[in-house]
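Take a look at the letters that make up each chain.
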Amino acid sequence: MSSKNLRRSHAASVAPSNNDTLPSLAEPRPSPAHGYARTIASSNDRHRHNAASAHRPATDVLNFAMKWRHWGGGYDEDIFVNFGLSPHQYFWRLRRLLSTPAAEHLSSDEIAQLREVCANRMRRQIRQPHP
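Residues numbered from 1 in each chain as written. Predicted model: local features only at pLDDT ≥ 70, side-chain atom pairs only at ≥ 80, totals over all residues. Heavy atoms only, no water.

Chemist: How would you sum up the overall build of the chain? Please name residues and give values.
Modeler: Counting secondary structure elements, the chain contains six helices and zero strands. Starting at the N terminus, the α and β elements of the chain follow one another as α-α-α-α-α-α. Taken over 131 residues, the chain has a buried fraction of 23%. The long-range fraction of contacts in the chain, counting pairs at least 24 apart against all pairs at least 6 apart in sequence, stands at 63%. As presented, the chain carries roughly 10,000 Å² of accessible surface, and 56% of it is formed by carbon and sulfur atoms. (Helix = DSSP H or I, 4+ residues; strand = E, 2+ residues; numbered from the N terminus. Buried < 20%, exposed > 50% of the residue type's maximum accessible area, 1.4 Å probe, protein only. Contact = heavy atoms within 4.5 Å. Areas by Shrake-Rupley, 256 points an atom, 1.4 Å probe, with all protein chains shown as cover.)

Dropping the structure here:
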């Protein structure tokens, strides 16, 4: 096969068939800024998720507190992952919730235990400032 025929056969194998659709030049193409906008959008979604987790219902905060009250209130990492709050913010919020109707179902002993956990953890946070 000559080089001329080889070029023709290669061109025929690469050329699109009638069934293939090629993008039209008239169709809008995404600009590089679209990729940046997509990155910003996903970043905003993550921010919304973190903000939403910081506003979880009072029942979630109270349930977590009840579950971990015998062990000092839970690990700092679990508090952050579940609520998007620092331990200080979480225990401050829990302490406030104990005085609201959301905590009516708790016994006075349970409320006293949770207040003690809050006081201990907040005291510990004050003694050990963030680096």
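Still more ground to cover, so stick around.
Chemist: Explain the nonpolar core to me, using residue names and the numbers behind them.
Modeler: If you look at the biggest cluster of nonpolar residues, it comprises 21 residues, and the most contacted ones within it are Leu62, Tyr90, Phe91, Leu94, Leu98 and Leu106. Of all the secondary structure elements, the ones that give two or more residues to this core are α3 (58-68), α4 (76-83), α5 (87-97) and α6 (108-127). Ignoring any residue separated from it by four or fewer positions in sequence, one finds Leu94 in contact with Val61, Leu62, Ala65 and Cys118. (Core = buried A, V, L, I, M, F, W, Y, C linked by side-chain atoms within 4.5 Å.)

Chemist: Would you mind going over the environment of Ser86 in detail, with residue names and values included?
Modeler: Tracing the sequence through the fold places Ser86 in the loop between α4 and α5. As a C-alpha pair, Ser86 and Asp76 span 10 residues in sequence and 7.3 Å in three-dimensional space.

Chemist: Give me the packing of α3 against α4: which residues, what numbers.
Modeler: Between α3 and α4, whose axes approach to 12 Å, the crossing angle comes to 160 degrees. Judged by the inter-axis angle, α3 sits roughly antiparallel to α4. Where α3 crosses over α4, the two elements pack in a sense that is right-handed. In contact with Asp60, Val61, Phe64 and Trp68 of α3, α4 contributes Asp78, Ile79, Asn82 and Phe83. (Axes fitted to C-alpha atoms, helices over the stretch in contact; angles between N-to-C directions. Parallel < 35°, antiparallel > 145°, perpendicular 65-115°, else oblique. Left-handed = near helix turned anticlockwise from the far one by under 90°.)

Chemist: Could you give an account of the pattern of salt bridges, with specific residues and numbers?
Modeler: In the structure shown here, the tally under the stated rule is two salt bridges. Asp76 is paired through a salt bridge with Arg121; the nearest N and O atoms lie 2.4 Å apart. A residue pair is termed long-range when its members are at least 10 positions apart, and Asp76 in helix α4 and Arg121 in helix α6 qualify at 45 residues. A relative accessible area of 30% places Asp76 in the partly exposed class. Note on Arg121: relative accessible area 4%, which makes it buried. Taking the shortest distance from any N to any O, the salt bridge between Asp76 and Arg124 comes out at 3.8 Å. Here Arg124 lies in helix α6 and Asp76 lies in helix α4, a separation of 48 residues in the sequence. Connected through shared salt-bridge partners, Asp76, Arg121 and Arg124 make up one network. (Salt bridge = Lys/Arg side-chain N within 4 Å of Asp/Glu carboxyl O.)

Chemist: How would you summarise the environment of Cys118 if you had to cite specific residues and measurements?
Modeler: By the secondary structure assignment, Cys118 is in helix α6. Excluding residues within four positions of it along the chain, Cys118 makes contact with Phe91, Leu94 and Arg95.

Chemist: Describe in detail the environment of Arg124, supporting the description with residues and values.
Modeler: Using a relative accessible area of 35% as the deciding quantity, one classes Arg124 as partly exposed. Taking the C-alpha atoms as reference points, Arg124 and His88, 36 residues apart in sequence, are found 9.3 Å from one another.

Keep in mind these numbers describe shape, not what the thing actually does.
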